[in-house]
Amino acid sequence: MPFTVTGTFDDGAAYTVQVTGRADRPVIGSRRVAALMVLHQGRPITLSPTGPLRKVSPTDEATVLAVLREYTNVIEDRGVAPGCGSGA
C-alpha cells in the first residue's frame, strides 16, 4: 500500500515522495530520494534503533522508509509501512 513521506536533506532541501513498493520506481516525487534508494539497494539497514536488520529492497516499503529515516530528516509519514508501526 503506497504512503507518503515528507522530509529534508542535511542541506535543507525538502522533499515529498510517495513510497510505492514497486521494483521499477520505489519512490515517486524526488529524483534525489530515488538516487538515495539506488545507492543503498542491497545494503543492510535496521528498521528501528534496536533492529531487525534487513537488506534494502525497492519492493520492501519498510526498508525504504528506514533509509529515509537514516539518511534524511523525516518530518512526516502518512500511511503505514509494513513493519514500521503506524504512520502519522
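Scroll up to find the structure.
Notes on the structure in this doc start here.

**Description of the overall build of the chain**
At step 1: Tallying secondary structure elements over the chain gives two helices and six strands in all.
At step 2: Reading the helices (α) and strands (β) of the chain from amino to carboxyl end gives β-β-β-α-β-β-α-β.
At step 3: For the chain, buried positions account for 40% of its 88 residues.
At step 4: Expressed as a percentage of contacts within the chain between residues at least 6 apart in sequence, the contacts between residues at least 24 apart total 38%.
At step 5: Surface accessibility of the chain: about 5000 Å² in total, with carbon and sulfur atoms responsible for 53%.

**Quick notes on the pattern of salt bridges**
At step 1: Under the counting rule described, the total for this entry stands at five salt bridges.
At step 2: Close ionic contact of aspartate 77 with arginine 69 constitutes a salt bridge, the shortest N to O distance being 3.6 Å.
At step 3: Among the ionic pairs, arginine 78 bridges to glutamate 76, the shortest N-O distance being 3.3 Å.

**Considerations on the sheet that holds strand β2 (residues 14–19)**
At step 1: Pairing in this open sheet of four strands is antiparallel, and the strands run β3-β2-β1-β6 from one edge to the other. The open sheet has two edge strands with one neighbour each: β3 (27–28) and β6 (73–78).
At step 2: Here two bridges tie β2 to β3, and the two strands are oriented antiparallel to one another. Across the sheet, glutamine 18 pairs through a bridge with isoleucine 28, a residue of β3.

**Some thoughts on unusual backbone geometry**
Note on backbone geometry: most residues besides glycine have negative phi, and most peptide bonds are trans.
At step 1: A cis geometry characterises the amide bond from glycine 51 onward to proline 52, with omega recorded as 0°.
At step 2: Within the fold, proline 52 resides in the loop between β4 (44–46) and β5 (53–55).

**Structural notes on helix α2 (residues 61–71)**
At step 1: Most of α2 sits out of view: eight of its 11 residues are buried.
At step 2: Listing the buried residues of α2 in full gives Glu61, Ala62, Thr63, Val64, Leu65, Ala66, Val67 and Leu68.
At step 3: For α2, the capping residue at the N-terminal end is aspartate 60, with a side-chain oxygen 3.1 Å from the backbone nitrogen of alanine 62.

The rules we used
- Residues numbered from 1 in each chain as written.
- Predicted model: local features only at pLDDT ≥ 70, side-chain atom pairs only at ≥ 80, totals over all residues.
- Heavy atoms only, no water.
- Helix = DSSP H or I, 4+ residues; strand = E, 2+ residues; numbered from the N terminus.
- Buried < 20%, exposed > 50% of the residue type's maximum accessible area, 1.4 Å probe, protein only.
- Contact = heavy atoms within 4.5 Å.
- Areas by Shrake-Rupley, 256 points an atom, 1.4 Å probe, with all protein chains shown as cover.
- Salt bridge = Lys/Arg side-chain N within 4 Å of Asp/Glu carboxyl O.
- Pairing = 2+ DSSP bridges.
- Polar contact = N/O pair within 3.5 Å; in protein donor to acceptor, adjacent residues only side chain to side chain.

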